[in-house]
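Working through the structure, step by step
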Amino acid sequence: MNKFDTIQLPDAVVEEGFDDYMANVNIHRTALNSLKSDFVGAFQTGDINHVKKSFETNLKDVDLHWPEYDKFQAYFDEIGQMPHMWKRGFSREDRRISLLQHSVFMNICSLLKFKQNSEILLSHDGLKWSPCIFKSHCPIENHFREQWYQGALTGRPPFFPGDRNSVTLVHISYNFPYDEKYKDRPELPATKSEWETLVERYLCCKL
């Protein structure tokens with residue numbers, strides 16, 4: 001176990017999550033390779049401060065093009081709201097680096113969970129489990145959560161830079177149709193058809 005309370009991951013798993021997210025971020029190849037090497041080493045220490053430093057050091061004064069950030073910056077400016085991780089008093093440039101570090105970290109966790117959860121959902125015991133995204137205190141994150149449940153949003157978190165949403169599996173110890181004791185848990189499927197829809201929505205996520 002490390003300070004993230006996770007088992008020590010193989011470097012290849014960390015690298016896959018890094019590459020998956022950074023595929024849509026444009027920086028010079030030399031800077032990218034240096035960042036990747038430093039980040040993987042920092043991640044394996046389990047120390048978030050080392051992870052942050054790997055990004056701050058390698059991306060300082062580096063020309064960084066991140067279309068996803070620019071898209072959501074415009075969106076949040078338009079609606080006049082910012083999600084939790086954007087409200088941290090950074091300059092715009094520092095915020096980009098901080099959000100990129102956070103998003104890569106979250107993507108590694110999300111990708112690992114997706115592989116583990118998919119194996120369970122496709123097993124003979126899969127019907128006992130349901131994908132679930134718990135609510136947070138951030139209205140923006142909850143908005144994207146609801147969009148996912150409604151089918152207006154596909155894929156797996158992070159849904160936007162800095163997103164803290166996470167899909168977990170919840171044990172459903174009831175038989176369909178919906179058991180009354182779960183009426184206060186609207187995120188859980190009420191019928192087998194709803195369960196199938198949720199599972200399909202999750203399993204179609206891009207690897």
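To start, this report covers the structure provided alongside it.

What counts, and where the lines are drawn
Residues numbered from 1 in each chain as written. Predicted model: local features only at pLDDT ≥ 70, side-chain atom pairs only at ≥ 80, totals over all residues. Heavy atoms only, no water. Phe/Tyr/Trp six-rings, centres within 6.5 Å; stacked < 30°, edge-to-face > 60°. Buried < 20%, exposed > 50% of the residue type's maximum accessible area, 1.4 Å probe, protein only. Helix = DSSP H or I, 4+ residues; strand = E, 2+ residues; numbered from the N terminus. Contact = heavy atoms within 4.5 Å. Pairing = 2+ DSSP bridges.

**Brief notes about the packing of aromatic side chains**
Within the structure shown, the criterion is met by 18 aromatic pairs. Judged by centre distance (5.5 Å) and plane angle (25°), the rings of W66 and Y69 are stacked. For W66, a relative accessible area of 2% translates into the label buried. Between F72 and Y75, the aromatic rings sit 6.3 Å apart at their centres with planes inclined by 90°, giving edge-to-face as the arrangement. Of this pair, F72 and Y75 both sit in helix α4 (residues 67-79), three residues apart, which is roughly one turn of the helix. Residue classification places F72 among the buried residues on the basis of a relative accessible area of 8%. Judged by its relative accessible area of 27%, Y75 falls in the partly exposed class. The rings of Y21, W66, Y69, F72, Y75, F76, W86, F144 and F160 are connected pair by pair, giving a single aromatic cluster.

**With respect to the side chain of S130**
Examined against the element boundaries, S130 turns out to sit in strand β1 (residues 129-133). Of the residues examined, S130 reaches a relative accessible area of 0% and is grouped as buried. Filtering out sequence-adjacent residues up to four positions away, S130 remains in contact with T168, L169, V170, I172, P189, W195 and L198.

**Here we look at the environment of N117**
For N117, the position within the fold is in helix α5 (residues 92-121). In sequence terms N117 and S130 are 13 residues apart; their C-alpha atoms lie 9.5 Å from each other. Not counting residues within four places of it along the chain, the set of residues in contact with N117 comprises V167, T168, L169 and Y202.

**Topic: the pairing of β1**
With four of five residues buried, β1 is to be regarded as a mostly interior element. Note that β1 and strand β2 (residues 167-171) share five bridges and pair antiparallel. Residue pairing in the sheet places C132 in a bridge with T168 of β2.

By themselves, these observations are geometric and do not establish any function.
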